Amino acid sequence: MRYSVYYSENALKPLKKLDNASKILIINWIDKNLDGCDDPRIHGKRLSGNLKSAWRYKVGDYRLIADIIDETVVIHILETGHRSNVYTTGYKPSVRNKT
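None of these values were measured; they are calculated from a predicted model.

Basis of the calculations
- Residues numbered from 1 in each chain as written.
- Predicted model: local features only at pLDDT ≥ 70, side-chain atom pairs only at ≥ 80, totals over all residues.
- Heavy atoms only, no water.
- Buried < 20%, exposed > 50% of the residue type's maximum accessible area, 1.4 Å probe, protein only.
- Helix = DSSP H or I, 4+ residues; strand = E, 2+ residues; numbered from the N terminus.
- Pairing = 2+ DSSP bridges.
- Lys, Arg positive; Asp, Glu negative; His and termini not counted.
- Salt bridge = Lys/Arg side-chain N within 4 Å of Asp/Glu carboxyl O.

J.: What is the right way to read the pairing of strand 3 (residues 55–59) from this model?
T.: Within a regular beta strand, the side chains point alternately toward one face of the sheet and then the other, so they alternate between its two faces. The element strand 3 is extensively covered by neighbouring structure, given that 4 of its 5 residues are classed as buried. With 2 bridges joining them, strand 2 (residues 45–46) and strand 3 adopt antiparallel strand pairing. Across the sheet, residue Lys-45 finds its bridge partner in strand 3, namely Arg-56. Here strand 3 runs beside strand 4 (residues 62–69); their pairing, made up of 5 bridges, is antiparallel. Looking across to strand 4, one finds that Tyr-57 is bridged to Leu-64. Between strand 3 and strand 4, which pair antiparallel one after the other, the connecting turn spans 2 residues, and Gly-60 there sits at a positive phi close to 65 degrees.

Here it is in structure tokens:
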């Protein structure tokens, strides 16, 4: 099964504000490593605590917070941002993913 990547509005808004070099780095990384992959978990790490259903991906100094939805073979990018503040934005990941 190949996973598709979708972006939330909370992920797109900060991505659009980044400088072009960072934006290209992140988009190329997603295209290369997540879009169409068989297992998106090999590139990321599961978060803990309140965010335990979400996954983190490191791209340089930036972090992508994503929900992996196995039932529909989708990676939903919830948040993008600099590593210093991406975890404090207050989004709520879904609880569908129990793996």
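And the narrative resumes.
J.: Got a minute to help me understand the side chain of Arg-56 in this structure?
T.: Looking at the element boundaries, Arg-56 is found in strand 3. We note that Arg-56 is buried and unpaired, the nearest opposite charge coming from Asp-61 at a distance of 12 Å.

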